[in-house]
Amino acid sequence: MNARRLLLLAALSALAACGDEPRAASAKLFEDVTDTVGLDFRHGIGQTGTYHLPEIMGPGCALLDYDGDGDLDAYLVNAGPGEAGAPNRLFRQEADGRFVDVTAASGLGDDGYGMGVAVGDADGDGDLDVYLTNVGRDRLYENLGQGRFRDVTNDAGLGDDGWSCSAAFVDHDQDGDLDLFVTRYVLLDATARCHDPAGRPEYCGPRDFPGVSDKLYRNDGGLRFTDVSKPAGIAGRHDRGLGVVCADLSGDGRPDIYVANDNGPNHLWINQGGGRFLEEALERGVALNDEGREEASMGLVCADLDADGRDDLFMTHLRGETNTLYLADGDGRFSDRTAARGLAGPSRHSTGFGAAALDVEGDGDLDLIAVNGHVMRGDRALGDHLSPFWGRYAQPAQLFSNDAGHFADTSLHLGLLGRHAIVGRGLATGDVDGDGFVDVLVTAAGGRARLHLNRAPSRGSWLRVRCVEGAGARDALGAVVTVEAAGRTFRRRVDPASSYLSASDVRVTFGLGAASSYAAIVVRWPEGGEPERFPGGPTGKQVTLRKGAGQR
């Protein structure tokens, strides 16, 4: 974002908002089109006031092209049948941009107590399969094509029966098929009752329950998985996992796994090859903040936020802490640069969950967006559109605009997303309306899902890239894509599994500023080896790149 414009937007936001105060109307970067497009979904938890911990921790969401027609559909996780009668729901996007509920016909109406969703082509046939995390038994749904799914959990050897949260498909052993990492939260005691300092009933905290270990499942082919958590070295840690990203953070060409833990040190599992991992978060600078304190980590972003060619880490935290930005130092280590890059003060009053890096205006810099919502009641109720119960937990979302690696709070310009407080949880991104700019789908505990389309008035050029590999044209999760344009390089990673409990579009969208063409695209495929170079062309379109079709 232009530095002068960034400073102006930041100043206006600072004047209009302080802490949890509702924000005044202003020029908007996003438009809430939920009602217009027919996306009618509410997170149903039944009766409020029972303070059942899982109800305040979910739900997640996904933007995916499940039927292969080229546009994005929406999947929304719910809290199961129970009193609310609330299975998950799938909405198909029609040619006119409206959404139609196709849950019953698709077979994706899972009725578990839903938390999150991960997407990936687990069987390598060219379409996206869906893994669902639950409080209770997880589920894997195979995409059969023609808009249909089937539950293959038993045959796949999956279905953990604890409390799972975020999950990610990743080819951890680089054998050409997608394995699965699942974060798990706590060993829940549903009979536990907790109170706030005033003696009022309140949701329990994570330390009221024992932590549990995360899970790594190896894909053996044929939609069969084996739990390799113990031989991989992951099973020995019992913490409270919420967010996860998979990327080569050590620079050795193998995918590592970073886990955001609630009220405990975060984990960085460094891939040793041969199916083994070592936990090295502390020595690499990403276990604690720069004060040596553990934080309540929830949402997670992994992206090149300072445009130096290396992935950085951003995560959301509890009110009273700050969101944290770890910048890569270039030697496989990271430094906490939260305050130096302008992200400390604006986030101190928020409890953040879902988060994403996206180029709002197409200028080439990745901005940050986060949805917020308390886990313990706030000082006052916000949002006249919410019930008195949920209003005490609601907070507005935030946008941190990026100018050359420095950020400013420009939340005032988010539109309703930044003004209407919700109990924000899941957040997924993708170009829903096909105009080349990234839109945002958000969910709220006990509230409606909302779709916000990007309406930034100042826009650069764009390019959308899909990377596929193998005989079935599987989406190449983990591929690193670099676009060369106008004398600059723009780097993104194919990574639907970040944020919190959510899955974003598997295609990567680049903002390219004033460039009308690009010189080349370079892809480093997830299995390693030499990168491939693909020829340039005009901007303003989508290109699909197949492994083996470029030049090495």
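Structure: above.
Predicted model, so just to flag it, every value in this text is computed and none were measured. (Residues numbered from 1 in each chain as written. Predicted model: local features only at pLDDT ≥ 70, side-chain atom pairs only at ≥ 80, totals over all residues. Heavy atoms only, no water.)

A.B. asks: Break down the overall build of the protein chain for me, with residues and values.
C.D. replies: If you tally the helices and strands in the protein chain, you get 9 helices and 38 strands. By sequence separation, contacts in the protein chain at least 24 residues apart represent 59% of the contacts at least 6 residues apart. Taken as two groups, the 55 positive and 83 negative side-chain charges of the protein chain have centres that lie 2 Å from each other. (Helix = DSSP H or I, 4+ residues; strand = E, 2+ residues; numbered from the N terminus. Contact = heavy atoms within 4.5 Å. Lys, Arg positive; Asp, Glu negative; His and termini not counted. Charge placed at Lys NZ, Arg CZ, Asp CG, Glu CD.)

A.B. asks: So what's going on with the side chain of aspartate 121? Which residues, and what values?
C.D. replies: Along the chain, the position of aspartate 121 falls in the loop between β6 (113-120) and β7 (129-135). Arginine 474 provides the closest opposite charge to the buried, unpaired aspartate 121, separated from it by 5.6 Å. At a separation of 3.1 Å, a polar atom in the side chain of aspartate 121 contacts the main-chain amide nitrogen of aspartate 125. Here glycine 126 takes part through its backbone nitrogen, which lies 2.6 Å from a polar atom of the side chain of aspartate 121. Discounting residues that sit within four places of it in the chain, aspartate 121 has contacts with Gly126, Asp127, Leu128, Asp129, Leu178 and Arg474. (Buried < 20%, exposed > 50% of the residue type's maximum accessible area, 1.4 Å probe, protein only. Salt bridge = Lys/Arg side-chain N within 4 Å of Asp/Glu carboxyl O. Polar contact = N/O pair within 3.5 Å; in protein donor to acceptor, adjacent residues only side chain to side chain.)

A.B. asks: Any details on the sheet that holds strand β22 (residues 324-328)? Residues and values, ideally.
C.D. replies: Paired through their backbone hydrogen bonds, the strands of a sheet run either parallel or antiparallel. The sheet built from 4 strands is open, its strands ordered β20-β21-β22-β23 with antiparallel pairing. Because the sheet does not close on itself, it has two edges, and the strands there are β20 (300-303) and β23 (334-336). Ignoring which end each strand starts from, the neighbouring axes of this sheet average 20° apart. (Pairing = 2+ DSSP bridges. Axes fitted to C-alpha atoms, helices over the stretch in contact; angles between N-to-C directions.)

A.B. asks: Any details on the side chain of serine 335? Residues and values, ideally.
C.D. replies: Assignment of secondary structure puts serine 335 in strand β23. When its relative accessible area of 17% is taken as the criterion, serine 335 is described as buried. Not counting the four nearest positions on each side in its chain, serine 335 is found in contact with Leu325, Tyr326, Leu327 and Asp329.

A.B. asks: Help me get a handle on the state of the cysteines, residues and values and all.
C.D. replies: Under the defined criterion, the tally for this structure stands at 1 disulfide. With its sulfur 2.1 Å from that of its partner, cysteine 194 forms a disulfide with cysteine 204. Taking the sign of the S-S torsion, 95° for the link of cysteine 194 and cysteine 204, the bridge is right-handed. Taken together, the residues cysteine 194 in strand β12 (residues 194-195) and cysteine 204 in the loop between β13 (201-202) and β14 (215-219) connect sequence positions 10 residues apart. The class of cysteine 194 is buried, set by a relative accessible area of 17%. By relative accessible area, which is 9% here, cysteine 204 ends up buried. Between cysteine 165, a free cysteine, and cysteine 61, which holds the nearest cysteine sulfur, the sulfur-to-sulfur gap is 15 Å. Cysteine 302 carries a free sulfur, and the closest cysteine sulfur to it, the one in cysteine 246, is 9.3 Å from it. (Disulfide = S-S within 2.5 Å.)

A.B. asks: Outline the packing of aromatic side chains, supporting the account with residue identities and numerical values.
C.D. replies: In this structure the tally under the stated criterion is 9 aromatic pairs. Taking the centre distance of 5.0 Å and the plane angle of 90° together, the rings of phenylalanine 389 and tryptophan 390 count as edge-to-face. Tryptophan 390 shares its class with phenylalanine 389; the two are buried. Note on phenylalanine 389 and tyrosine 393: the rings are 5.6 Å apart at their centroids and 40° apart in plane angle, and the pair reads as tilted. Phenylalanine 389 gets classed as buried once you look at its relative accessible area, which sits at 17%. Grouped by ring-pair contacts, the aromatic residues Tyr51, Tyr203, Phe389, Trp390 and Tyr393 constitute a single cluster. Arginine 425 extends its terminal NZ or CZ atom over the ring of phenylalanine 353, reaching a point 3.8 Å from the ring centre. Over the face of the ring belonging to phenylalanine 437 we find arginine 459, whose NZ or CZ atom lies 4.2 Å from the ring centre. (Phe/Tyr/Trp six-rings, centres within 6.5 Å; stacked < 30°, edge-to-face > 60°. Lys NZ or Arg CZ within 6 Å of the ring centre and 35° of its normal.)

A.B. asks: Lay out the sheet that holds strand β36 (residues 517-524) with the relevant residues and their values.
C.D. replies: In space, the 4 strands of this open sheet follow the order β34-β33-β36-β37, with antiparallel pairing throughout. The sheet is open, and its two edges are formed by β34 (488-493) and β37 (532-538), each paired on a single side. Pairs of neighbouring strands in the sheet enclose a mean axial angle of 20°, with direction left out of account. Relative to β36, strand β33 (residues 480-485) is paired through 5 bridges, and the arrangement is antiparallel. Note that in β36 the partner of valine 483 across the bridge is isoleucine 521.

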